[in-house]
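The residues making up each chain are set out below.
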Amino acid sequence: MTVRQTVPSDMEQIGLVARYEIEKSLQSRAFIGIMGLMMAVIALMTLIRPLLGISFSDDPITFVQDYLNWIEILVLIGAVAFASGALSSEFEKRTGLLMFPQPVKRTTYLAGKFLSSIIILAGALGMYYVIVCLLSLMITGGIPAAILLSYGFALLYATAVCAVAFLLSSILKTSTASIVATVLIFLMVMNIIEQLLIMSSIDPAFLISNVAGAISYSLQSPYPSTYTGVDFRGQPSTVFIPTEAGSVLVMIGYIAVSMVIAAIMFKRREL
Amino acid sequence: MTDVIEIEGLTKTYGDFTAVNSLSLKIKKNSFVGFLGPNGAGKSTTIKMLTNLTSATSGTAFLNGIDVVKDPKGALTEVGAVVETPEFYPYLTPVKSLEYIARLRGMNKDDIVKRTTEVLELVKMNEEKNKKIGKFSKGMKQRVALAQALMFEPSILILDEPTSGLDPRGMVEVREILQDLRKEDITVFMSSHLLNEAQDICDSVAMMNHGKLLVHSSIEDLRKGLETNRIEIKTIGNVSDDQANSYRGISSVKDLEILSENQLAIDFKGDEETKNLLLRKIDSELRVISFHESGNPLESLYLGMIKESR
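Parameters at a glance
Residues numbered from 1 in each chain as written. Chains lettered and ligands numbered in written order. Predicted model: local features only at pLDDT ≥ 70, side-chain atom pairs only at ≥ 80, totals over all residues. Helix = DSSP H or I, 4+ residues; strand = E, 2+ residues; numbered from the N terminus. Buried ≥ 20, exposed ≤ 12 C-beta atoms within 10 Å, placed from the backbone. Contact = placed C-beta atoms within 7 Å. Domains from an automatic or database assignment. Nonpolar A, V, L, I, M, F, W, Y, C, P; charged D, E, K, R; others polar. Core = buried A, V, L, I, M, F, W, Y, C linked by C-beta atoms within 7 Å.

## Here we look at the overall build of chain A
Line of reasoning, step 1. Counting its regular elements, chain A contains twelve helices and two strands.
Line of reasoning, step 2. Walking chain A from its N terminus toward its C terminus, one meets helices and strands in the order α-α-α-α-α-α-α-α-α-α-α-β-β-α.
Line of reasoning, step 3. Along the first, second and third principal axes, the C-alpha set of chain A runs to 75 × 45 × 30 Å.
Line of reasoning, step 4. Buried positions account for 40% of the 271 residues belonging to chain A.
Line of reasoning, step 5. Restricting to contacts in chain A with at least 6 residues of sequence separation, those with at least 24 account for 79%.

Shown next, in the form of structure tokens:
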């Protein structure tokens, strides 16, 4: 019995799980699809304006904000691709029969998979930001000073969306159900609730879809604040702008609550 | 010898249904134990509780002295397991899959390379070692699953239907691998539907039905405790009804069946001496050409117990 070794610590195992999950993601069609989609968005945004005879803004902030309007949808697609099926697939595809009898805690698998999703999305988002910055530099001659802050918000938002996707993946039976639920929540439910709250003049600052606005607002100096304007009917209407600190807290709250519930559900789930 | 698997009052309920009912079982170090029972008996649920796939409703289960319910990571450190037919990540090759699991277990790189070659050779998957598992058949996956369980030379091997999904040749090969493990410092606990398989590989069996343990004993002791043995005898002379009746009159003979005019099957109670006396008597009258023991004693016992427990 020469090969028995000391089982690595939980932290080391988290790193190993993340490493192999990243390897899996990089080989997947989903990764190629996401990268292709990002390139397509950038290409269309850059090529369509000149074709339609619309000039680019000279202001680096306005120029970059145009591209960052797509971040929320790109993050959602990324989360669906790399996080929605992460836990449910272990049960649905029965890979759990192989992995769970290993001396590895379920929470370790959860943390490793979550970390890998974040790393993949951070890389993809980073590439998007770099290309947009290069374009901004070429076309406007500069890049927004707060671009890193915006990237930080985008990363935090991506982490929060992944956490919600993990929560759904820990509860729902199939990857397809997790994907559909994630898309419905972020594309429909959140937006409907947000619109209803705004119509009732209630600040939707606790909604993740609302605080995602910080990704774009953070480029502006000074950071904008909530104001009351006039809507298309001439009625006074409040435009709720999430604060920077509030956005960070809400996103961290989503991450913490979602991951705690996901860990409890994943640990209790049986094969 | 120490008990490396200790199960005490283990119970699993799903609503009103009790899958495993207060199971208590102790398995000694280096023993090979077959875990038998019909479908729905609770074998797989028990194995799943031992391998952190399902939680117990109550009771305890210790592997190498560590409670698998409270500390699954510690308890499974020296345990290799194949539960049902596990699926692998389809994008990984057998080499990569084994490497992943071995690294999670803390094996060093040199040992991983050495053992990967050894275990894939053992399960006859060396030629496919660099192909993606996604395209493998169920039998091939089962072989790789066995390889991962043996990779780190476990002290306890828990197998749930280890030959499931294999073709007849594969079944024989897996049995040979398991029999070869007898030379190693290992305890094997395996569930099976195949009684011959358990009889060939194991030195003791635990039988359960309706979630309850019916018996746990060595195969040798079970054989001794059997009520009757059966032999089939071929003779030169034809068996007449009178002769058959005279044999039925022998106290050790429990039943006699004429299979053909020169072939009969006798169920008798007794040891080898009783069998010898019986054969000599028949030989003196009908001249015995050949005889063989028929029926699987374990099967007789199994069927009897399952019937009783209904």
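On we go from here.
## A short note on the overall build of chain B
Line of reasoning, step 1. The secondary structure content of chain B amounts to eleven helices and 14 strands.
Line of reasoning, step 2. Across its three principal axes, chain B shows a C-alpha extent of roughly 75 × 45 × 35 Å.
Line of reasoning, step 3. Each of the 310 residues in chain B was classed as buried or not, and the buried ones make up 42%.
Line of reasoning, step 4. Of the contacts formed within chain B by residues at least 6 apart in sequence, a portion of 69% connects residues at least 24 apart.

## Some points on the domain arrangement of chain B
Residues and elements named next belong to chain B.
Line of reasoning, step 1. Per the domain assignment, the segments of chain B are domain 1 (3-216) and domain 2 (226-308).
Line of reasoning, step 2. Each side of the interface is counted separately: domain 1 has ten residues, and domain 2 has six residues.
Line of reasoning, step 3. Within the residue set of the side of domain 1 that touches domain 2, elements represented by two or more residues are helix H7 (195-201), strand S9 (204-209) and strand S10 (212-218).
Line of reasoning, step 4. The element contributing the most residues to the side of domain 1 that touches domain 2 is H7, with four residues.
Line of reasoning, step 5. Taken together, the residues of the side of domain 1 that touches domain 2 sort by class into seven nonpolar, three polar and no charged.

## Structural notes on the environment of Met-38 of chain A
Residues and elements named next belong to chain A.
Line of reasoning, step 1. Relative to the assigned elements, Met-38 resides in helix H2 (residues 29-52).
Line of reasoning, step 2. A count of 20 C-beta atoms within 10 Å places Met-38 in the buried class.
Line of reasoning, step 3. C-alpha separation for the pair Met-38 and Tyr-128, spaced 90 residues apart in sequence, amounts to 6.8 Å.
Line of reasoning, step 4. In this structure Met-38 touches Leu-74, Ala-124 and Tyr-128, once residues within four positions along its chain are discounted.

## So, the nonpolar core
Line of reasoning, step 1. Core analysis: the biggest nonpolar cluster contains 146 residues, and Tyr-157, Val-161 and Phe-166 of chain A have the highest contact counts within it.
Line of reasoning, step 2. Broken down by element, this core gets its largest block of residues, 16 residues, from helix H8 (residues 147-171) of chain A.
Line of reasoning, step 3. Here this core spans two domains, and each of domain 1 (3-216) and domain 2 (226-308) of chain B adds at least three residues to it.
Line of reasoning, step 4. Counting eight residues, the second largest nonpolar core, distinct from the first, contains Ile-233, Val-239, Ile-266 and Ile-282 of chain B.

## Some thoughts on the interface of chain B and chain A
Line of reasoning, step 1. Counting residues at the interface gives 32 residues for chain B, matched by 25 residues for chain A.
Line of reasoning, step 2. When residues of the side of chain B that touches chain A are traced back to their parent elements, those giving at least two are helix H3 (94-104) and helix H4 (109-122) of chain B.
Line of reasoning, step 3. Among the elements that line the side of chain B that touches chain A, the one with the most residues is H3 of chain B, at four residues.
Line of reasoning, step 4. Of the residues contributing to the side of chain B that touches chain A, the split by class is 14 nonpolar, seven polar and eleven charged.

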